[in-house]
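# Close look at the chain arrangement
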Amino acid sequence: SSKDGSGYTHYRYGQYHGGLEIEGAVFIIHEYKGRAVSANGRIVSKLTMSTQPEVTSREARKTAIAGVPSQKYMWEDANMEAWIKESKKDSEATYYPTPQLVIAMQDDAGDVVRGNQALAYKVDVMSLEPLEGYSIHINAATGKEFKRHSLLSGCTNATATTMYNGVQTIVT
């Protein structure tokens, strides 16, 4: 739950099917002074899809990594691996991609409640050189990528002339 500046507390509930998160299916109850005053969200009803993948998580990881060519990935850099462990206060944290089986919307423009779902692996891949990061969805039946979102929202590569190192690629 979270409380806003107006005194409302918002309780968020995610929906699951067969133990898997249904992405985009969230219901929110808004409470004020101990009473529920409104609610909104999206719930998927009558979902009957299988939660058994045809593709392994190892195959999904391989496909996702191949979709983000890199000279050096974040998990290959000792400093980046140390940083994520420290920032998350978790000695097991890593940038190495860990596929998560989810029920995802096939088309973000579609409606979450109208049969727009696919069983998928969500795989986050972070590249250091070039600096890129994507959350990639791999269809768990076909092994094909069907959706990706940048993890570096608003960042773009540009070039700059530096005083000591000449022209360099920078991220803005």
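Below, the structure is looked at part by part. (Residues numbered from 1 in each chain as written. Predicted model: local features only at pLDDT ≥ 70, side-chain atom pairs only at ≥ 80, totals over all residues. Heavy atoms only, no water.)

## What to know about unusual backbone geometry
The residue after Glu129, namely Pro130, is reached through a cis peptide bond having omega 0°. With respect to the secondary-structure elements, Pro130 resides in the loop between strand 7 (117–129) and strand 8 (132–139). A positive phi is found at Lys46, a non-glycine position, where the angle reads about 55°. Counting through the fold element by element, Lys46 comes out in the loop between strand 4 (35–41) and helix 1 (57–66). Here Lys89, not a glycine, exhibits a phi torsion of approximately 50°, which is positive. As for its placement among the helices and strands, Lys89 is situated in the loop between helix 2 (78–87) and strand 6 (100–105). (Helix = DSSP H or I, 4+ residues; strand = E, 2+ residues; numbered from the N terminus.)

## So, the pairing of strand 2 (residues 8–17)
Inspection of the sheet shows strand 1 (residues 2–3) paired to strand 2 by two bridges, in the antiparallel sense. Looking across to strand 2, one finds that Lys3 is bridged to Thr9. Between strand 1 and strand 2, which pair antiparallel and follow one another directly, the connecting turn spans four residues, one of which, Gly7, has a positive phi of 95°. Pairing analysis gives nine bridges linking strand 2 to strand 3 (residues 20–32), with the strands arranged antiparallel. Bridge pairing links Tyr16 to Glu21 in strand 3. Taking the residues that link successive antiparallel strands as the turn, the strand 2-strand 3 hairpin has two residues, and the phi of Gly18 there is positive, at about 60°. (Pairing = 2+ DSSP bridges.)

So yeah, pure geometry; function would need other evidence.
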